[in-house]
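Per-entry structural report
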Amino acid sequence: MKKIILALAFLAFAGTIHAANIELAKSIVKEKCALCHGEEGDASSAVYPRLAAQNRNYLVKQLKNFRDGKRKSDTMNEMAKGLKDDEIEALAEYFSSKTALTHRVRDKGFAAVGEYLFKKGNKYSQIPACNSCHGKHGEGTEELPRLAGQHKRYVSDQLHAFGERVRTNDNAIMHTIAKSLTEFEIEALALYVSGIKNAEQEEAQ
């Protein structure tokens, strides 16, 4: 009986902490994030990344990197400046819990080029399949970003940043891969991943 009482007390305490984190995150989102990324992380402008359903640990790393100057962005360096670790954790928890979104892809033929690269890579230029790291449905991992449903322009911009070594805060393998991609391949990949549905969405069809 004592173990059951302790377990219930722990769950109640954990629930209180979670609720407090969500409220903390909401206040920061309204103050700093909503204008560009939306209150739900849906980012209506393609210039800014969608954060909804992005992997929690990845968000924590990026926010800390922006705060500490390891990832460069005039806007985000300023926005993340002064964020405490617990605030970053709360924001990551908040956005990662939001519903994933996807884009409607109209140019199916061009997207098919991106799909081939995503699933099989390009053996002629030694480009590995993207899904070997980012997952079958582009869902990423705890440490690697979710690509599924991300804005096409943002993905394209980041691939260029990796290829030109403007972005250097993440896995060095991305520099090698991105610099080997042609403009055609970058745009095809970005289009394809923008329309990837998660497993649940595909099963519902």
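Placed above this text is the structure.
Residues numbered from 1 in each chain as written. Predicted model: local features only at pLDDT ≥ 70, side-chain atom pairs only at ≥ 80, totals over all residues. Heavy atoms only, no water.

Focus: the environment of Ala 53
Selection rule: Secondary structure elements follow DSSP: runs of H or I no shorter than four residues count as helices, runs of E no shorter than two count as strands, and numbering proceeds from the N terminus. Buried means the residue's accessible area, taken with a 1.4 Å probe over protein chains only, is under 20% of the maximum for its type, while exposed means over 50%, and partly exposed covers the values in between. Two residues qualify as a contact provided that any one of their heavy atoms is within 4.5 Å of a heavy atom in the partner residue.
Following the sequence through the fold, Ala 53 ends up in the loop between helix 1 (2–37) and helix 2 (56–68). Residue classification places Ala 53 among the buried positions, given a relative accessible area of 15%. Each C-alpha atom of the pair Ala 53 and Ala 148 lies 9.7 Å from the other, and the pair is 95 residues apart in sequence. Excluding its chain neighbours within four sequence positions, the residues that come into contact with Ala 53 are Phe 95, Ser 96, Lys 98, Thr 99, Ala 100 and Arg 146.

Some points on the side chain of Asn 65
Position of Asn 65 relative to the elements: it lies in helix 2. Judged by relative accessible area, Asn 65 falls into the buried class, the value being 8%. Those residues in contact with Asn 65, other than ones at most four positions away along the chain, are Lys 70, Arg 71 and Asn 169.

A closer look at the packing of helix 7 (residues 152–163) against helix 9 (residues 183–194)
Quick reminder of the rule: Interaxial angles span 0 to 180 degrees and are taken between N-to-C directions of axes, which are lines fitted to C-alpha atoms, for helices over the stretch in contact. An angle counts as roughly parallel when it lies under 35 degrees, as roughly antiparallel when it exceeds 145, as roughly perpendicular when it falls between 65 and 115, and as oblique in every other case. Note on convention: near helix rotated counterclockwise from far helix by under a right angle means a left-handed crossing. Clockwise means right-handed. Amino acid classes used here: Ala, Val, Leu, Ile, Met, Phe, Trp, Tyr, Cys and Pro are nonpolar; Asp, Glu, Lys and Arg are charged; the rest, including Gly, are polar.
Put simply, helix 7 and helix 9 touch, their axes get as near as 8 Å, and they point 140° apart. By the criterion of interaxial angle, the relationship of helix 7 to helix 9 is oblique. Viewed along their axes, helix 7 and helix 9 form a crossing whose handedness is right-handed. In this structure, helix 7 contributes Lys 152, Val 155, Ser 156, Leu 159 and His 160 to the contact, and helix 9 contributes Glu 183, Ile 186, Glu 187, Ala 190, Leu 191, Val 193 and Ser 194. Here the residues of the contact of helix 7 with helix 9 sort into six nonpolar, three polar and three charged.

So, the pattern of salt bridges
Here the idea is simple: oppositely charged side chains can pair when their charged atoms come close. Selection criterion: Any carboxyl oxygen of Asp or Glu within 4 Å of a side-chain nitrogen of Lys or Arg constitutes a salt bridge here.
Scanning the entire structure with this criterion turns up 11 salt bridges. For Glu 23, the salt bridge goes to Lys 26, with nearest N and O atoms at 3.9 Å. Of the two residues, Glu 23 and Lys 26 are both situated in helix 1; the distance of three residues between them amounts to about one turn of the helix. Residue class for Lys 26 comes out partly exposed when judged on its relative accessible area of 35%.

Thoughts on empty space enclosed by the protein
Stated formally: Grid points spaced at 1 Å and placed over the protein atoms alone form the basis of the search, with a cavity being a set where a 1.4 Å probe fits but cannot get out and a pocket an open set showing protein on both sides within 12 Å along at least five of seven lines. Lining residues have an atom within 4 Å of a point. Grid points are joined across faces, edges and corners, and a volume is the space filled by probe spheres set on the points.
If you walk through the whole model with that rule in mind, you get one cavity of 30 Å³ or more. Taken as a whole, the largest cavity spans an internal volume of roughly 70 Å³. Together, Arg 50, Ala 52, Gln 54, Leu 101, Arg 146, Ala 148, Gly 149 and Gln 150 line the largest cavity. For the lining of the largest cavity, the residue count by class is three nonpolar, three polar and two charged.

Keep in mind these values describe shape, not function.
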